Amino acid sequence: MTTKVIHEANLAEVNQLGDNSAEFVIRPLFYGYGNTLGNSIRRVLLSSIKGAAITAFSVEGTNHEYAPVAGVREDIVDVMLNLKNIRLKSHSDEPVEVAFEIKGKNAGKDGAVTAGDIKFPAGIEVGNPNQIICHIDDPEFTLKMNFVIETGRGYLSIDKSSNDRIHSDMIALDAVFSPVLRVRFKVENTRVGQDTNLQQLTITVDTDGTITPQEAFEEANAILVNQYTALANGTTVESAPAPGVESEADDSGLALPIEELGLSARTANALVNNDIKTVRDLVALSEVDLKDLKGFGSKALDEVKEKLTELL
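Residues numbered from 1 in each chain as written. Predicted model: local features only at pLDDT ≥ 70, side-chain atom pairs only at ≥ 80, totals over all residues. Heavy atoms only, no water.

Looking at this structure, I do not really get the sheet that holds strand β14 (residues 195-207). What am I missing?
Working definition: the strands of a sheet are paired by backbone hydrogen bonds and lie parallel or antiparallel to each other. The strand order across the open sheet built from four strands is β1-β2-β14-β13, with neighbouring strands paired in antiparallel fashion. Each edge of the open sheet is held by one strand with a lone partner, namely β1 (11-18) and β13 (180-192). Strand-to-strand twist across the sheet, computed as the mean angle between neighbouring axes with direction ignored, equals 20°. Of the strand pairs in this sheet, β13 and β14 are connected by 11 bridges, and their pairing is antiparallel. Paired with F185 across the bridge in β14 is I203. Packed on one face of the sheet, helix α1 (residues 33-47) meets β2 (21-30), β13 and β14 and runs near 165° to β13. (Pairing = 2+ DSSP bridges. Helix = DSSP H or I, 4+ residues; strand = E, 2+ residues; numbered from the N terminus. Axes fitted to C-alpha atoms, helices over the stretch in contact; angles between N-to-C directions. Contact = heavy atoms within 4.5 Å.)

How do you make sense of the pattern of salt bridges when you look at a structure like this?
Side chains carrying opposite charge are able to pair once their charged atoms draw close together. Enumeration according to the criterion identifies 11 salt bridges in this entry. Across the pair E13 and R27 runs a salt bridge, and its minimum N-O distance is 2.8 Å. In this pair, E13 is assigned in strand β1 and R27 in strand β2, connecting sequence segments 14 residues apart. Exposure remark for E13: the relative accessible area of 28% places this residue in the partly exposed category. Under the relative-accessibility criterion, R27 is labelled partly exposed at 26%. R153 is the partner of E219 in a salt bridge, and the nearest nitrogen-oxygen pair spans 3.0 Å. Of this pair, E219 sits in helix α4 (residues 213-232) while R153 sits in the loop between β9 (142-152) and β10 (155-156), and the two are 66 residues apart along the sequence. In this structure E219 comes out as buried when scored by relative accessible area, which is 12%. (Salt bridge = Lys/Arg side-chain N within 4 Å of Asp/Glu carboxyl O. Buried < 20%, exposed > 50% of the residue type's maximum accessible area, 1.4 Å probe, protein only.)

It is not clear to me how unusual backbone geometry should be interpreted in this structure. Could you clarify?
Glycine aside, a negative phi is what most residues show, and trans is what most peptide bonds show. Between R27 and the following residue, P28, the backbone shows a cis peptide bond with an omega angle of -15°. Note that P28 resides in strand β2. Phi at N233 is positive, roughly 55°, even though this residue is not glycine. Non-glycine residue D275 carries a positive phi angle of around 65°. Considering the arrangement of structural elements, one finds D275 in the loop between α6 (265-273) and α7 (279-283). The class for D275 is exposed, based on a relative accessible area of 54%.

Structure below.
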């Protein structure tokens, strides 16, 4: 009796469904691995992708969430709910403080103040600039606010946010850091030649616009790889390319030294200095991993992606 090797997963298709929605088709999979991969990838996508959110704020003239604000239509509780809906991306791992003020006559239609009115510092991006914060009823009233923006993963409770406040006079907010709004997956049977005992996994990812679905998908899988690699403690298991995926041509390309890939000297040196010596070493890294390499910028990433498309 022979033991069937568990073959590697193969990302067969990436279908863009909208600006912030994409579908990832993985096939063929070893039988039973549709749900195994689908559940784990979905859970990590929803809980562990890095994002940013407002964790505390203040409004001049108030010191708690039940205080009225003269000249503003909403009460502080409504303002809190609106601030929690602002989708942000921060390039800083440290808390960022933002001061903001606007006069009623400079607000939008019907006195609307939106996230797009805030002049965020460099390194902070807003994914939904049309999100309403409040409405100013008095055209001569000047609204003055301060925010603290933090990065994190998952959910930050109001108790934790309150205990960790940078400024005790600010109102704390609970925060959902995840930029992934929704993840769905389905598992179907598929075949390759005479082998019918295979599965296809389709994962659909919707994000808030501060990260692309592809970036979120790759980061989630990189997180899983790190967790499982640590638990494996160096143990390896025999695997094979997915059925129907040619391996001979791939192997010759994967063994190619980085120096022979035709990259610019700067990009090639950055890879070699990070101990990436062959194409095989390179393709084993996700886009997130490449961005984290020392001396490896966005131009180098674009150059590598172009070369790999030509080669593979």
